[in-house]
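Read off the chains here:
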Amino acid sequence: MLNYNFDWSVLWRKPYGELLLNGIFTTIHLSLLAWGLALVVGVLVGVFRVLPNRLTRFVGFSYVQLFRNIPLLLQFFIWYFVLPLLLPRPAQIWLYRNVPDLPYLMSVVGLGLYTASRVAEQVRAGLASCPSGLYEAASATGLSTFHAYRYVILPYAVRIIIPPFTAEFLTCFKNSALAMTIGVMETTGASYQIDSLTYHGLETTTAASLVYISITLCVVLFMSWIEKRVWVHGMIGRRS
Amino acid sequence: MDWNVISRNLDFLCGGLFLTFQLAVISMVGGFLLGIILGMGRLSSRKWIFVPTTLYVNLFRSLPLILVIFWFYFLAPFLIGRSLGDFLSVIIAFVAFEAAYFAEIVRGGIQSISKGQMEAGYSVGLRYHQIMLHIVLPQALRNMVPPIVTQCVIIFQDTSLAYVIGLKEFLRRVSITDLREFRSVELYLFAAVVYLFLCSLGAALSSRLERRRSTGAPWFGGRSKGKTLLMAP
């Protein structure tokens, strides 16, 4: 443990503090935007996978296979380096001229669509774990299909799905760190940048780790509070 | 399009794929062994075992892998005064990181075995480690196999992150080739196909094992009994 002088001031000194703070904000809105996209696409694909229709099931299955079996890092590269080259020339020019922050946009799309494949799997598992008696009971009491879903099945499915969704959001949040490889200055990227300017990698990596740990902790605490609030008596699955 | 760029650089790329496999296998084995110890620690009734292992697992599970790689990259020169080299520091990071995920799989597997097995073992006079070794772990391992295979596929994909500290594994070599040849489309799509093919094999194996496990059929050969895939309501 020699030859290393800790200088924690790199975390708040003039240019670096701002860099790190911006990085934290970027991590937060990047992962929230990607999560929004993942929810929309993922729920759609997840429902596709259980519909009684061969075509939609195949589409859903292919989507999940494609996005889950290619490393996220490579997906980022494809979105950022390859996709613009595949577009026709005018579209390329438009993209480079009019999109102010292409790396950021491509990170949102890449992370969102990747997370969607994981969300889809959770949606499918959640729907499959609803006992079919639930639907039968609902229709026996005279509810229409829509009302059965609205008042009986969805309230049940949503509660089942909350814990895995929390885990998936946290994965999405951690995966946002990969956006640094295509030049988005989020928390990890900022800490790496500060290291290459000051050679104080240990301090910046510690700071970045603390940021991730504390945000994860906040999300976990908040979601377990939500889980307790929406819990209904007689529902299985919640371990105390 | 000029697909010859692949065949021109095939040797170079295959070398990278070999390194990727090396990284993956070492991290799988190392991570799993450490994961068993951590997973059993998380079920311990002794506080001085339970608390540190739980802290370890939760700590690593709340950090992005890329940050863990940086950690060991920066920490080694600080602790031992010199750099460990790219390969070794990445390996340590992978093993330390994946062990946390394996620990959760092991914990789930052991918890899936009913308590009666433990009690039955004690009642015939076996010790804790004997029961674990001869009764609980063999059964638990069977339940753990599908998630372990899934985790191995994830590890295989995760090795691409060694890219960030410049280790010349598959993805890094693809991007080096791209810098030399300016053929992003062909090269990155080729890499995607390679990963897609290899990981799909792993995923298919995992779901096959899962089906076999849930029906109690033998893993290879023989027919599984009955339908198991649940359809929607």
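Just so you know, these numbers come straight off a predicted model, no measurement behind them. (Residues numbered from 1 in each chain as written. Chains lettered and ligands numbered in written order. Predicted model: local features only at pLDDT ≥ 70, side-chain atom pairs only at ≥ 80, totals over all residues.)

Caption draft 1: Structural view of the overall build of chain B. The secondary structure content of chain B amounts to 9 helices and 0 strands. Listed by position from the N terminus, the elements making up chain B come as α-α-α-α-α-α-α-α-α. Each of the three principal axes of chain B carries a C-alpha extent, and together these read 70 × 55 × 35 Å. For chain B, with 233 residues in total, the buried portion stands at 35%. (Helix = DSSP H or I, 4+ residues; strand = E, 2+ residues; numbered from the N terminus. Buried ≥ 20, exposed ≤ 12 C-beta atoms within 10 Å, placed from the backbone.)

Caption draft 2: Structural context of the overall build of chain A. For chain A, the count of helices and strands is 9 helices and 0 strands. For chain A, the sequential pattern of α-helices and β-strands runs α-α-α-α-α-α-α-α-α. Considering only C-alpha atoms, chain A reaches an extent of 75 × 55 × 30 Å along its principal axes. Out of the 240 residues belonging to chain A, those deemed buried represent 37%. Restricting the contact set of chain A to residue pairs at least 6 apart, pairs at least 24 apart contribute 75%. (Contact = placed C-beta atoms within 7 Å.)

Caption draft 3: Quick peek at the packing of helix H3 (residues 47-61) of chain B against helix H5 (residues 86-111) of chain B. Residues and elements named next belong to chain B. The contact between H3 and H5 brings their axes to 9 Å, and the two run at 115°. The angle between the axes of H3 and H5 places the two elements in the roughly perpendicular class. For the crossing formed where H3 meets H5, the hand is left-handed. Taking contact as the criterion, the partners of Tyr 56, Val 57, Phe 60 and Arg 61 in H3 are, on H5, Ala 96, Phe 97, Ala 100, Tyr 101, Ala 103 and Glu 104. By residue class, the composition of the contact of H3 with H5 is 8 nonpolar, no polar and 2 charged. (Axes fitted to C-alpha atoms, helices over the stretch in contact; angles between N-to-C directions. Parallel < 35°, antiparallel > 145°, perpendicular 65-115°, else oblique. Left-handed = near helix turned anticlockwise from the far one by under 90°. Nonpolar A, V, L, I, M, F, W, Y, C, P; charged D, E, K, R; others polar.)

Caption draft 4: Summary view of helix H7 (residues 128-158) of chain B. Residues and elements named next belong to chain B. Given a rise of 1.5 Å per residue, 31 residues ought to cover 45 Å, yet the end C-alpha atoms of H7 are separated by just 36 Å, more than 12% below that figure. The largest bend in H7 is about 45°, located at Met 144, with the proline Pro 146 one to four residues further on. For H7, the complete set of buried residues consists of Ala 140, Met 144, Pro 146, Gln 151, Cys 152, Val 153, Ile 155, Phe 156, Gln 157 and Asp 158. Tucked inside the fold, the buried residues of H7 contact helix H2 (10-41), helix H4 (65-80), H5 and helix H9 (184-215). (Expected span 1.5 Å × (residues − 1). Bend = angle between axes of the 7 residues up to and from the residue.)

Caption draft 5: Seen up close, the environment of Tyr 96 of chain A. Along the polypeptide, Tyr 96 of chain A turns up in helix H4 (residues 89-98). For Tyr 96 of chain A, a count of 10 C-beta atoms within 10 Å translates into the label exposed.

Caption draft 6: Just the interface of chain B and chain A, in detail. Every contact between the two is made by 33 residues of chain B and, on the other side, 39 residues of chain A. Residues of the side of chain B that touches chain A, tallied by class, amount to 27 nonpolar, 6 polar and no charged.

Caption draft 7: Summary view of the confidence of the model for chain A. On average, residues of chain A score 89 in pLDDT, and 95% of them are at 70 or above. Averaged over each element, pLDDT in chain A is lowest for helix H6 (residues 133-140) of chain A (86) and highest for helix H2 (residues 54-68) of chain A (94). (pLDDT = per-residue confidence, 0-100.)

Caption draft 8: A look at the packing of helix H3 (residues 72-86) of chain A against helix H5 (residues 102-128) of chain A. All names here are of chain A. Running from N to C, H3 and H5 cross one another at 135°; their axes reach a closest spacing of 9 Å. In terms of axis orientation, H3 runs oblique to H5. For the pair H3 and H5, the sense of crossing is right-handed. Touching Leu 72, Gln 75, Phe 76, Trp 79 and Tyr 80 of H3 are Pro 103, Met 106, Ser 107, Val 109, Gly 110 and Tyr 114, all from H5.

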